[in-house]
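# Chains, contacts and geometry: an overview
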Amino acid sequence: MWTKIQHAGAWPPATGNNFMVYDPGRQRVIVLVDDPNPTGLWFTWEWTGSSWEAGNTRGPIDSGTPGVSFCCDEFRGVGFVYCLDSAGFWEEVWEYTPGPTAAQSAWNQVPISGPAYQGYEVVSLVYDPYRRQIVRHGGRASGSLYSFISGTS
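Quantities reported herein were computed from a predicted structural model and do not represent experimental measurements. (Residues numbered from 1 in each chain as written. Predicted model: local features only at pLDDT ≥ 70, side-chain atom pairs only at ≥ 80, totals over all residues. Heavy atoms only, no water.)

In this section: the overall build of the protein chain. Each helix and strand in the protein chain was counted, giving 0 helices and 12 strands. Along the protein chain, from the amino end to the carboxyl end, the secondary structure elements read β-β-β-β-β-β-β-β-β-β-β-β. A fraction of 38% describes how many contacts in the protein chain between residues 6 or more apart in sequence connect residues 24 or more apart. Total accessible area on the protein chain stands at roughly 8700 Å², and carbon and sulfur atoms take up 55% of it. (Helix = DSSP H or I, 4+ residues; strand = E, 2+ residues; numbered from the N terminus. Contact = heavy atoms within 4.5 Å. Areas by Shrake-Rupley, 256 points an atom, 1.4 Å probe, with all protein chains shown as cover.)

Positionally, Thr15 belongs in the segment before β1 (18-23). On the basis of relative accessibility, which here comes to 26%, the residue Thr15 falls in the partly exposed class. (Buried < 20%, exposed > 50% of the residue type's maximum accessible area, 1.4 Å probe, protein only.)

Here we come to the sheet that holds strand β3 (residues 42-47). Read from one edge of the open sheet, 4 strands run β1-β2-β3-β4, paired in antiparallel fashion. Since the sheet does not close on itself, it has two edges, and those belong to β1 and β4 (52-58), each with one partner. Adjacent strand axes in the sheet meet at a mean angle of 20 degrees, parallel and antiparallel pairs treated alike. Of the pairings in the sheet, the one linking β3 to β4 comprises 5 bridges and is antiparallel in character. For Trp42, the partnering residue across the bridge sits in β4 and is Arg58. (Pairing = 2+ DSSP bridges. Axes fitted to C-alpha atoms, helices over the stretch in contact; angles between N-to-C directions.)

Its place among the elements puts Asp23 in strand β1. Judged by relative accessible area, which is 4%, Asp23 ranks as buried. Asp23 has contacts with Arg28, Ile30, Cys72 and Pro98, leaving out every residue within four places of it along the chain.

The next subject is the sheet that holds strand β6 (residues 78-84). Taken together, the 4 strands give an open sheet; going across it, the order is β5-β6-β7-β8, and neighbouring strands pair in antiparallel fashion. Only two strands of the sheet have a single partner each, and these edge strands are β5 (69-73) and β8 (106-110). Between one strand axis and the next, the sheet turns through 25 degrees on average, direction left out of account. Here β5 runs beside β6; their pairing, made up of 5 bridges, is antiparallel. What sits directly across from Phe70, in β6, is Val81.

In this section: the side chain of Glu95. Among the structural elements, Glu95 can be located in strand β7 (residues 91-97). A polar atom in the side chain of Glu95 sits 2.3 Å from the side chain of Arg76. (Polar contact = N/O pair within 3.5 Å; in protein donor to acceptor, adjacent residues only side chain to side chain.)

What follows is the structure in structure tokens.
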């Protein structure tokens, strides 16, 4: 059964582009929310179990496409985001390093070795704790409406 949470503090904006993961090491929910004033920026919020804490701003990400996927790497204790760059074509990878509070957490872009790759939209990410790997599946090449990829990497 669902129970509506009531508290007097600030809440993350509801924009339709919210991505949420659970951080088991800190027992917190981390939410990545796009800016309701389409600036391309993204905001991080953490649910402590009793209230929301506002974290750092991240971005820009191309929010015009469904190119963002978010998961938690439990072994390393970081959040992991796969997305398209602000132009909506090249892939980018970011890590969220949690701090004692949401405001003390940090976003860092992970360099992609080798040549730049065309990004994928509508991909799925999951963390595989047995192999300690993040698995990405499916998607569509950002430059084509019809180029769906059935592969896993």
